[in-house]
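What follows is the residue order along each chain.
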Amino acid sequence: MKKVLFILGLVLLSHLVYSQGLKLNKQEYFENGGVNVMVFQDIYPEGHQGGVALIMHGMRIATNGDIRLNQTPGQFQPIPKQKRRTVDSAANTISVNLTYPDSAINRKGFNPIEYPDLYFNYTVKVQSEGESVNITVDLDRPIPSSFGDKVGFNIEFFPGWLFGKSWYLDNSSGIFPQQANGPGLSENGELVSASPMAVGKKLTVAPEDDKLRFSIESSTSPIQLIDGRYMHNNGWFVARSVVPAGATKNAIKWKITPNAVKGWISEPAIHVSQVGYHPDQKKTAFVEIDKNDKKRDVVEIIKVNDNGNLQTSLKGTPKELGRFLRYNYLQYDFSEIKSPGMYIVKYGNKQSQVFKISSDVYERNVWQPTLEYFLPVQMCHMRINEKYRVWHGECHMDDARMAPVNYNHFDGYKQGPSTLTKFKSGDHVPGLNIGGWHDAGDYDLRVESQSGEVYVLTQIYEAFNVNYDETSIDQHSHVVEIHQPDGKNDILQQIEHGALTVVRGYQNLGRFYKGIICPTIRQYVLLGDGVNMTDGLIHSDSLKNSERTGSESSLTDDRWVFTEDNPTKDFRTAADLAAASRALKGFNDTLSRQCLEIAEAIFNRNIELKGRMISSKIPTAIELYKTTGNKIYKDFILKNDSLIAKQFMSLGPAISTVMQKIDNKDFTEMMRKAAKSFSSEISKQASGSPFGVPYRPQIWGAGWDIQSFGVKQYYLHQAFPDIFPADYVYNALNFILGVHPGSNTASFASGVGAKSTTIAYGINRADGSYIPGGSVSGTALIRPDFPELLDWPYLWQQMEYVMGGGATNFMFLVLAADKMLKEEKTK
């Protein structure tokens, strides 16, 4: 009898544990087993991160629960400003006070769209009730009648989890479709959204799936279920209730009830490099486990033999690393395995993808896709062929018109009261239809991304002596042929292509451009071939509407070129050109000389150095000294030794490349002292994550930052091997190749490794595809503690490719690791 009572007691206890309902935890969100409800902890609603959010069993299914003026908002849409967030743990309540509009972005910055003339304050209150949360919205004043039903409470559902799942809305039902379907809904002759899939008081999502099932009940306005992708390709499904006319108190009342699977814990995720390891490299497997997972298994390193047999090479108990974000981490060192071959890591019933251990692990199929595919595909003003495929046509040959003065462009470009050139607004600026790489899917050319890419490629060329020829690039015919060697070094051809846009811009404008970008949002959101963004014909005011000649057109679709007075950025760009001059010498001597002349002209400007200008001028002096050996640049560096030491975090990697050439004992000693101090800070930052790198994402995933971190650490290690260990370089590379937080263990480098990001935010994102060798932004942080990397092509903060050191920094890290390991072998 006692045994029976004991068992009944355990059952009752278990029931109480998993039936406690949604409770506020220490991270200030509601939690019930595998279900979390976040309330206004995230900061990026434009990227589907904000408002009230719902994570169910490791899947973020809903987000951006908040007041909106659009049925299905897209990018550059009006959003409110969050003012105060109050958490009452005793009452299991979170209240958030907000104001519409957000004056910080109304007609400013990256969102200069003019908001409607509407102002109100409101409060969103979320309170748990058992396994549900009640959401109420109070307004400080009624919405003016002129806005009718424009103001409503929306919440967005991630399409990727719902395709093929069912829904019920009162007596209506259906399946979430793979693509957006009509009919459309028009108001006053304007298309505003897709017609609602249904309207009712209670919506149930994915009733057949225990891990995704949840319901929303409205006791005020009916719920509309709308497909947000109808108006915006990057949209999500939306549930919306309109604020009733005249309402203030309890204007919106929703009850959301997510199903919590009792006893659910996330499956372990095994993090190893998706490429593999050199035999002499430190090899560490990480296992990410649920914080409530008390079970511990052994780790097995299993060799996959060519006959299909699996052979356990090593087996042992992993080391406990403790908590990071919402997970616990285990670590297992298998560095002692050096036998070449293919391996997997097994933990319990989970196993990793296959990876390689071999001395040639980094020699093929790792850095090469970036040079063979990604850089060519991103090239502007060229037609990009790959055998039977055309990646894009000869684009933007009508570049560019001078931007309007006193203008704030929606993507952050600003033109002041002057064009700062001899050209008037609207004038065609000749010579800009050459060189450059498109930035991700935006197709714009920012000068810092162009010169920055040139600089990283120059670093690769000089540090690793890369001579690789798999691509034919013809600047005269504007044709690129992928996998068609032309007898020229691809690295140098790419450096040339980037330098051309910067140099020609400077020569024709008399200064560096800030950027070249399309004038309209309709062009900006283009998905597909960039050749369709403009007609390729130079605009002429003398032509009548729709007229064109062989070279001119009446269309005002030409991209705009923006300028700015920014000495700090000019110095950085000049440093990049000074470096490019070295690489291009003997390959394109004319362009090499022009790069150097411009860099020296910028350095020798007679301007008063204020604020950050001196520290920005130091890298220019460093690169010019490396290029010319001229004493004036060395003297400038030595004159500012104290500043360099003080700002060693930013200037240390660059100065590390020239210390030996400077050959000054006192200077070297000062830098060593600064290096030691900085090394302590780096050690502290890197120890903040299990992976030995500083993981501190803001809006964007930290992949690009960590790649840049690894490159800088390479130069610091080369100059100060006793201060900066090589581990940081390897750790940064492994992070990109799969050793990062979250259940998605893919390599950030598309097409590289056994599992990689093959759905990414590039020019072909509408196809749910990727560009080999592109490096995505990486795992984002859904605040406060959920790492996420979704297989979804429209999340730029997770899956976007960028220029200016993204994929090329990855190239650098691979080549650096390969070189260091081979050098270590010969010692």
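See the structure above.
Keep in mind it's a predicted model, so treat the numbers as computed, not measured. (Residues numbered from 1 in each chain as written. Predicted model: local features only at pLDDT ≥ 70, side-chain atom pairs only at ≥ 80, totals over all residues. Heavy atoms only, no water.)

> With reference to specific residues and values, describe the overall build of the protein.
Regarding its fold elements, the protein presents 17 helices and 44 strands. Here the protein has a C-alpha radius of gyration of 29 Å; the compact-globule value for 827 residues is 28 Å, and the two agree. Dimensions of the protein, computed from C-alpha atoms along their principal axes, come out at roughly 90 × 75 × 55 Å. Long-range pairs, those at least 24 residues apart, make up 67% of the contacts in the protein with a sequence separation of at least 6. Roughly 33200 Å² of accessible area belongs to the protein as shown, and the carbon and sulfur atoms make up 48% of that amount. Distance from the positive charge centre (87 side chains) to the negative charge centre (89 side chains) of the protein: 6 Å. (Helix = DSSP H or I, 4+ residues; strand = E, 2+ residues; numbered from the N terminus. Rg over C-alpha atoms; globule rule 2.2 N^0.38 Å. Contact = heavy atoms within 4.5 Å. Areas by Shrake-Rupley, 256 points an atom, 1.4 Å probe, with all protein chains shown as cover. Lys, Arg positive; Asp, Glu negative; His and termini not counted. Charge placed at Lys NZ, Arg CZ, Asp CG, Glu CD.)

> Pulling in residues and values, what's your account of the packing of aromatic side chains?
With the rule as written, the count across this model stands at 43 aromatic pairs. Summarising the aromatic geometry, the rings of Phe-334 and Phe-355 are spaced 6.0 Å apart at their centres and angled 50° between planes, so their arrangement reads as tilted. In this pair, Phe-334 sits in the loop between strand 27 (327-333) and strand 28 (341-347) while Phe-355 sits in strand 30 (residues 355-357), placing the two residues 21 residues apart along the sequence. Taken individually, Phe-334 and Phe-355 each receive the classification buried, so the pair is uniform in this respect. Ring centres of Phe-603 and Phe-636 lie 5.4 Å apart, and the angle between their planes is 80°; this geometry places the pair in the edge-to-face category. Taken together, the positions of Phe-603 in helix 7 (residues 589-603) and Phe-636 in helix 9 (residues 631-639) put the pair 33 residues apart, joining distant regions of the chain. Judged on exposure class, the residue Phe-603 and its partner Phe-636 are both buried. One aromatic cluster is present, formed by Phe-286, Phe-324, Tyr-329, Phe-691, Tyr-695, Phe-735 and Phe-748 through successive ring pairs. (Phe/Tyr/Trp six-rings, centres within 6.5 Å; stacked < 30°, edge-to-face > 60°. Buried < 20%, exposed > 50% of the residue type's maximum accessible area, 1.4 Å probe, protein only.)

> Tell me about the layout of surface pockets, and name the residues and values.
By volume, the second largest pocket amounts to about 840 Å³. Lining the second largest pocket we find 32 residues, and of these Gly-74, Gln-75, Gln-77, Met-231 and His-232 sit closest to its centre. Residue assignment for the lining of the second largest pocket shows that the elements contributing at least two residues are strand 14 (190-194) and helix 5 (521-524). Its residues placed into classes, the lining of the second largest pocket shows 17 nonpolar, 9 polar and 6 charged. (1 Å grid on protein atoms, 1.4 Å probe; cavity = no way out; pocket = protein on both sides within 12 Å on 5 of 7 lines; lining within 4 Å. Points joined across faces, edges and corners; volume = space filled by probe spheres on them. Nonpolar A, V, L, I, M, F, W, Y, C, P; charged D, E, K, R; others polar.)

> Could you give an account of helix 3 (residues 447-464), naming the residues involved and the relevant values?
With 18 residues, helix 3 ought to run about 26 Å at 1.5 Å a step, and its terminal C-alpha atoms sit 26 Å apart, in line with that. Counted residue by residue, helix 3 has 15 buried out of 18 residues, so it is predominantly covered. Where helix 3 ends, the next residue or the one after it, Asn-465, has phi of about 50°, a positive value. (Expected span 1.5 Å × (residues − 1).)

> Give me empty space enclosed by the protein: which residues, what numbers.
For the structure shown, the criterion picks out 3 cavities of 30 Å³ or more. Put simply, the largest cavity is a space of about 130 Å³. Pro-45, Glu-46, Pro-73, Gly-74 and Gln-75 are the residues nearest the centre of the largest cavity, which is lined by 13 residues in total. Looking at the lining of the largest cavity residue by residue, the class counts come to 4 nonpolar, 6 polar and 3 charged. What lines the second largest cavity is Met-38, Phe-40, Gln-41, Asp-42, Gln-49, Gly-50, Gly-51, Ala-53, Arg-60, Thr-63, Ile-782 and Arg-783.

> Describe the nonpolar core, and please don't skip the residues or the numbers.
Core analysis: the biggest nonpolar cluster contains 176 residues, and Phe-334 and Phe-648 have the highest contact counts within it. Here the element with the most residues in this core is helix 17 (residues 807-826); it accounts for 11 residues. Discounting chain neighbours no more than four positions away, the residues touching Phe-334 are Tyr-277, Lys-283, Thr-284, Ala-285, Ile-301, Leu-314, Phe-355 and Ile-357. Core analysis: the next-biggest nonpolar cluster, separate from the first, contains 59 residues, Val-39, Ile-105, Phe-147 and Trp-167 among them. (Core = buried A, V, L, I, M, F, W, Y, C linked by side-chain atoms within 4.5 Å.)

> I'd like a rundown of the packing of helix 8 (residues 613-628) against helix 9, residues and numbers included.
Running from N to C, helix 8 and helix 9 point in directions that differ by 145°, and their axes come no closer than 8 Å. In the crossing of helix 8 with helix 9, the sense of the turn from one axis to the other is left-handed. Contacts between helix 8 and helix 9 involve Lys-617, Ile-618, Ala-621, Ile-622, Leu-624, Tyr-625 and Thr-628 on the former and, on the latter, Tyr-633, Lys-634, Phe-636 and Ile-637. Its residues assigned to classes, the contact of helix 8 with helix 9 comprises 8 nonpolar, 1 polar and 2 charged. (Axes fitted to C-alpha atoms, helices over the stretch in contact; angles between N-to-C directions. Left-handed = near helix turned anticlockwise from the far one by under 90°.)

> Tell me about the pairing of strand 20 (residues 252-258), and please be specific about residues and values.
On strand 20, burial follows the alternation: Ile-252, Trp-254, Ile-256 and Pro-258 on one face are buried, whereas Lys-253, Lys-255 and Thr-257 on the facing-out side are not. Relative to strand 20, strand 9 (residues 132-139) runs antiparallel, the two sharing 5 bridges. Looking across to strand 20, one finds that Val-133 is bridged to Ile-256. With 5 bridges joining them, strand 17 (residues 214-218) and strand 20 adopt antiparallel strand pairing. Bridge pairing in strand 20 places Ser-218 opposite Trp-254. (Pairing = 2+ DSSP bridges.)

> Tell me about unusual backbone geometry, and name the residues and values.
Look at the link from Tyr-100 to Pro-101: it is a cis peptide, with omega at 0°. The topology assignment puts Pro-101 in the loop between strand 7 (93-100) and strand 8 (120-129). Unusually for a residue other than glycine, His-381 sits at a positive phi of about 65°. With respect to the secondary-structure elements, His-381 resides in the loop between helix 2 (368-378) and strand 31 (383-386). One non-glycine residue, Tyr-443, lies in positive phi territory at about 65°. Within the secondary structure, Tyr-443 is located in the loop between strand 35 (414-415) and strand 36 (445-446).

> Outline the sheet that holds strand 26 (residues 319-324), supporting the account with residue identities and numerical values.
One open sheet accounts for 4 strands, arranged 21-23-27-26; its pairing is antiparallel. Where the open sheet ends on each side, the last strands, each with one partner, are strand 21 (269-271) and strand 26. Pairs of neighbouring strands in the sheet enclose a mean axial angle of 25°, with direction left out of account.

> Any details on the state of the cysteines? Residues and values, ideally.
A full pass over the atoms with the stated rule returns 0 disulfides. Cys-380 carries a free sulfur, and the closest cysteine sulfur to it, the one in Cys-395, is 4.0 Å from it. A relative accessible area of 0% places Cys-380 in the buried class. (Disulfide = S-S within 2.5 Å.)

> How would you sum up the sheet that holds strand 31? Please name residues and give values.
Strand order in the open sheet made by the 4 strands is 32-31-38-37, with mixed pairing throughout. Whereas interior strands pair on both sides, the edge strands pair on one side only; in this sheet they are strand 32 (389-392) and strand 37 (471-474). For this sheet, the mean inter-axis angle between neighbouring strands, taken without regard to orientation, is 20°.

> How would you explain the pairing of strand 38 (residues 479-482) if you had to name every residue and give the values?
Burial along strand 38 is one-sided: the face carrying Val-480 and Ile-482 is buried and the face carrying Val-479 and Glu-481 is not. As judged from the 4 bridges shared by strand 37 and strand 38, these two strands associate in the antiparallel manner. The residue of strand 38 that forms the bridge with Asp-474 is Val-479. From the end of strand 37 to the start of strand 38, which pair antiparallel, there are 4 residues, and His-478 there has a positive phi angle of about 60°.

> Would you mind going over the side chain of His-278 in detail, with residue names and values included?
Relative to the assigned elements, His-278 resides in the loop between strand 22 (276-277) and strand 23 (284-290). From its side chain, His-278 meets the backbone nitrogen of Asp-280 in a polar contact 3.0 Å long. Ignoring sequence-local partners within four residues, the contact set of His-278 consists of Lys-283, Ser-358, Ser-359, Val-361 and Leu-821. (Polar contact = N/O pair within 3.5 Å; in protein donor to acceptor, adjacent residues only side chain to side chain.)

> Describe the packing of helix 2 against helix 17, listing the residues and the values that go with them.
At their nearest, the axes of helix 2 and helix 17 sit 11 Å apart, and the two run at 175° to each other. Considering their axes alone, helix 2 and helix 17 lie roughly antiparallel with respect to each other. Between helix 2 and helix 17, the residues in contact are Thr-370, Leu-371, Phe-374 and Leu-375 and Ala-807, Thr-808, Phe-810 and Met-811, respectively. Across the contact of helix 2 with helix 17, the residue classes break down as 6 nonpolar, 2 polar and no charged. (Parallel < 35°, antiparallel > 145°, perpendicular 65-115°, else oblique.)

> Any chance you could break down the pattern of salt bridges for me, citing the residues and the numbers?
This model, assessed by the stated rule, comprises 36 salt bridges. Among the ionic pairs, Arg-60 bridges to Glu-788, the shortest N-O distance being 2.7 Å. Placement of Arg-60 in strand 5 (residues 59-68) and of Glu-788 in strand 44 (residues 786-788) is noted, with a sequence separation of 728 residues between them. Accessibility assignment for this pair places Arg-60 and Glu-788 in one class, buried. (Salt bridge = Lys/Arg side-chain N within 4 Å of Asp/Glu carboxyl O.)

Just distances and angles here, no functional claims.
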